[in-house]
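# Residue-level structural notes
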Amino acid sequence: MTMKIRSSGSAHRGLGEWLLQRLSSLYLAGFAVWIVIQIMVLTPMDYLAWKAWMANGGVRLAFAVFFLSVLVHAWVGMRSVVLDYLKPLWVRFMVQLLLAFGLLVLAFWAAQILLVEARS
């Protein structure tokens, strides 16, 4: 008779979150360097020049990935803090619910900026 050992699978549980955190931070750092270079080289002097630059599809795509990276980075980081330091289940649930709602509002706001405001 052989006994089956059940693994909890916890050895790789945080690997995906760790990878998302690192990849998003790499993009955020690269984006920061790119945006500083773009502003130094192009130096949009007025609102219309800035709006024309933002109307470019590549620039809007870079900003969309930036906003997505910020949201992912914030969710993973704050979720880890909440899970580590808030012990009562109902407090964890409420804080995560508020965090998710706030990040969703920010996602819609960023989408409005990129899809509506930058085009008009």
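None of these values were measured; they are calculated from a predicted model.

Turning next to helix H2 (residues 47-54). Residues of H2 that are buried include every one of Lys51, Trp53 and Met54, and no others. Looking straight down H2, one finds its buried side chains confined to an arc of 160 degrees; they lie on one side. Set apart from the buried face of H2 by more than 90 degrees, the exposed residues are Leu48 and Ala52. Against helix H1 (15-42), helix H3 (57-85) and helix H4 (89-117) lie the buried residues of H2.

Here the focus is the packing of aromatic side chains. For the coordinates displayed, the defined rule picks out 9 aromatic pairs. Considering the side-chain rings of Phe31 and Phe66, the 4.5 Å spacing of their centres and the 20 degrees angle between planes classify their relative orientation as stacked. With a gap of 35 residues between them, Phe31 in helix H1 and Phe66 in helix H3 connect regions that are remote in the sequence. For Phe66, a relative accessible area of 21% puts it in the partly exposed group. Geometrically, the ring pair formed by Phe66 and Phe67 is tilted, given 5.4 Å between the ring centres and 55 degrees between the ring planes. Phe67 gets classed as partly exposed once you look at its relative accessible area, which sits at 24%.

To continue, consider the environment of Gly16. Mapped onto the fold, Gly16 is located in helix H1. On the basis of relative accessibility, which here comes to 40%, the residue Gly16 falls in the partly exposed class. The spacing of Gly16 and Val76 is 60 residues in sequence and 10.0 Å in space, taken between C-alpha atoms.

The full count for this structure, using the stated rule, is 1 salt bridge. Residues Arg79 and Glu17 are paired through a salt bridge, measuring 2.4 Å at the closest nitrogen-oxygen approach. Pair noted here: Arg79 is in helix H3 and Glu17 is in helix H1, with a separation of 62 residues, a long-range link. Overall, the relative accessible area of 24% leaves Arg79 in the partly exposed class.

Its 29 residues place the ends of H3 42 Å apart at the C-alpha level, agreeing with the 42 Å of an ideal helix rising 1.5 Å per residue. Here H3 has its buried residues at Val59, Arg60, Ala62, Phe63, Ser69, Leu71, Val76 and Val82. For H3, the elements touching its buried residues are H1, H2 and H4. Its side-chain oxygen placed 3.1 Å from the backbone nitrogen of Gly58, Asn56 serves as the N-cap of H3.

A cluster of nonpolar side chains, namely Val33, Val36, Ile37, Met40, Val41 and Leu42, defines an oily patch on the protein surface of about 600 Å² accessible area. When its relative accessible area of 64% is taken as the criterion, Val41 is described as exposed.

Quick look at the side chain of Gln21 now. For Gln21, the position within the fold is in helix H1. Side-chain polar atoms of Gln21 contact the backbone nitrogen of Gly77, separated by 3.4 Å. With residues near it in sequence (within four places) discarded, Gln21 still touches His73, Val76 and Gly77.

Conventions adopted
Residues numbered from 1 in each chain as written. Predicted model: local features only at pLDDT ≥ 70, side-chain atom pairs only at ≥ 80, totals over all residues. Heavy atoms only, no water. Buried < 20%, exposed > 50% of the residue type's maximum accessible area, 1.4 Å probe, protein only. Helix = DSSP H or I, 4+ residues; strand = E, 2+ residues; numbered from the N terminus. Arc of directions from axis to C-beta. Contact = heavy atoms within 4.5 Å. Phe/Tyr/Trp six-rings, centres within 6.5 Å; stacked < 30°, edge-to-face > 60°. Salt bridge = Lys/Arg side-chain N within 4 Å of Asp/Glu carboxyl O. Expected span 1.5 Å × (residues − 1). Polar contact = N/O pair within 3.5 Å; in protein donor to acceptor, adjacent residues only side chain to side chain. Patch = residues over 30% accessible without salt bridge, like charges linked within 9 Å, V, L, I, M, F, W, Y side chains within 5 Å. Areas by Shrake-Rupley, 256 points an atom, 1.4 Å probe, with all protein chains shown as cover.

In short, geometric facts, not functional conclusions.
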